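Chain by chain, the residues run as shown.
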Amino acid sequence: MDWALYLTFVLFVVSMSVTPGPNNLMMMSSSIVFGVKRTLPHWIGVNIGFNLMLVAAVFGLGELVQRFPWMLTVIKVAGSLWLAWMAWQFLRAALFPAPSGTSENRSEGSRPLHWYEAALFQWVNPKAILMTISAAGVYYGLADAIWSRAAIMAGTFAVLGPPCGMAWILAGGVLRRFMSDPRWARPMNAVIAGILLLTIGLILAG
């Protein structure tokens, strides 16, 4: 194996996994509303779904998207609609707060994602799609055998990706304490909604 190439792959994995994107923002938002513990199935589902999609990319998903580029447009629109719905939930909480302004009231009638829902979301997550296609194409030289290449890539993401996502969940747990204070709840909801809308803009622009 080309260890210099693998080192650049490790840097790619960390930089892409820790930066803002639909997965990290959704997990942070879930942690804010439902708490760290109830967000863990979401975190597990993200890592399962992403690595399954990465293996699929190594085995030819990227070529399929290149052959039918309209598929990427559909994925971007579907993912953006999901994020827009999330942004509206936070914006609505900012504009029309519950009487007590507590996170418990905001979570009534809703629930965090199940692990399988988070896993399925990866297939309409534009950043995840681009990450897997980029990894499969750019780091083709990690191994000659396709199974070895898939194992190296998925194994590296499986080790380095979860801690990056967990950092966002823990950050959401910290923000949850502020959100229970009516003085902080409305501006924090507005900020999160703005971040989600900015992410949508970046997705559609890209």
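Residues numbered from 1 in each chain as written. Predicted model: local features only at pLDDT ≥ 70, side-chain atom pairs only at ≥ 80, totals over all residues. Heavy atoms only, no water.

A. Highlighting the overall build of the chain. When helices and strands are tallied, the chain shows 9 helices and 0 strands. Element order for the chain, N to C, with α for helix and β for strand: α-α-α-α-α-α-α-α-α. In terms of overall dimensions, the chain is globule-like: its C-alpha atoms have a radius of gyration of 18 Å, near the 17 Å expected for 206 residues. The principal-axis extent of the C-alpha atoms belonging to the chain is close to 60 × 35 × 25 Å. When the 206 residues of the chain are sorted by exposure, 47% land in the buried category. For the chain, the proportion of contacts with a sequence separation of at least 24, taken over those separated by at least 6, is 84%. Entry remark: accessible area of the chain is about 10,500 Å², with carbon and sulfur atoms responsible for 72%. (Helix = DSSP H or I, 4+ residues; strand = E, 2+ residues; numbered from the N terminus. Rg over C-alpha atoms; globule rule 2.2 N^0.38 Å. Buried < 20%, exposed > 50% of the residue type's maximum accessible area, 1.4 Å probe, protein only. Contact = heavy atoms within 4.5 Å. Areas by Shrake-Rupley, 256 points an atom, 1.4 Å probe, with all protein chains shown as cover.)

B. Broad picture of the environment of Ala154. Position of Ala154 among the secondary structure elements: in helix α8 (residues 146-179). Of the residues examined, Ala154 reaches a relative accessible area of 15% and is grouped as buried. Residues Ala154 and Asn51, spaced 103 residues apart in sequence, show a C-alpha to C-alpha distance of 5.5 Å. Among residues more than four places away in sequence, those in contact with Ala154 are Asn51, Leu54 and Val55.

C. A look at the packing of aromatic side chains. Summed over all chains, the structure comprises 9 aromatic pairs. Taken together, a centroid distance of 5.0 Å and an interplanar angle of 65 degrees make the contact between Phe9 and Tyr139 edge-to-face. With Phe9 in helix α1 (residues 3-18) and Tyr139 in the loop between α7 (126-138) and α8, this residue pair connects regions lying 130 residues apart in the sequence. Judged by relative accessible area, which is 9%, Tyr139 ranks as buried. The interplanar angle of 55 degrees and the centroid separation of 4.8 Å between the aromatic rings of Phe50 and Phe157 together place this pair among those described as tilted. Note that Phe50 is positioned in helix α3 (residues 36-67) and Phe157 in helix α8, a separation of 107 residues in sequence. Taken together through their ring pairs, the aromatic side chains of Trp3, Tyr6, Phe9, Phe12, Phe50, Tyr139 and Phe157 make up a single cluster. (Phe/Tyr/Trp six-rings, centres within 6.5 Å; stacked < 30°, edge-to-face > 60°.)

D. Here's a closer look at the nonpolar core. The biggest cluster of nonpolar side chains holds 25 residues, and the ones touching the most others in it are Met26, Leu83, Phe90, Ile192 and Leu196. Where this core is concerned, the elements lending two or more residues are α2 (22-34), α4 (70-95), α6 (115-121), α8 and α9 (182-205). In terms of residue count, α2 provides more of this core than any other element does, 7 residues in total. Those residues in contact with Phe90, other than ones at most four positions away along the chain, are Ser29, Val33, Asn189, Ile192, Ala193 and Leu196. Membership of the second largest hydrophobic core comes to 23 residues, among which are Phe12, Phe50, Val58 and Ala150. (Core = buried A, V, L, I, M, F, W, Y, C linked by side-chain atoms within 4.5 Å.)

E. Structural context of a nonpolar patch on the surface. A cluster of nonpolar side chains, contributed by Ile44, Ile48, Leu52, Trp115, Tyr116, Leu120 and Trp123, occupies part of the molecular surface with about 720 Å² of accessible area. At the level of secondary structure, the elements contributing two or more residues to the nonpolar patch comprise α3 and α6. Within the secondary structure, Leu52 sits in helix α3. (Patch = residues over 30% accessible without salt bridge, like charges linked within 9 Å, V, L, I, M, F, W, Y side chains within 5 Å. Salt bridge = Lys/Arg side-chain N within 4 Å of Asp/Glu carboxyl O.)

F. View of α7. The end-to-end C-alpha separation of α7 is 18 Å, in line with the 18 Å expected for 13 residues at 1.5 Å each. Listed in full, the buried residues belonging to α7 are Pro126, Lys127, Ala128, Ile129, Met131, Thr132, Ile133, Ala135 and Ala136. The N-terminus of α7 is capped by Asn125, whose side-chain oxygen sits 3.1 Å from the backbone nitrogen of Lys127. (Expected span 1.5 Å × (residues − 1). Polar contact = N/O pair within 3.5 Å; in protein donor to acceptor, adjacent residues only side chain to side chain.)

G. Structural view of the packing of α2 against α8. The contact between α2 and α8 brings their axes to 7 Å, and the two run at 35 degrees. Crossing hand, α2 versus α8: right-handed. Together, Asn24, Leu25, Met27, Met28, Ser31, Ile32, Val33 and Phe34 of α2 and Gly165, Trp168, Ile169, Gly172, Gly173, Leu175, Arg176 and Met179 of α8 make up the contact between the two elements. Across the contact of α2 with α8, the residue classes break down as 10 nonpolar, 5 polar and 1 charged. (Axes fitted to C-alpha atoms, helices over the stretch in contact; angles between N-to-C directions. Left-handed = near helix turned anticlockwise from the far one by under 90°. Nonpolar A, V, L, I, M, F, W, Y, C, P; charged D, E, K, R; others polar.)

None of this, on its own, says anything about what the molecule does.
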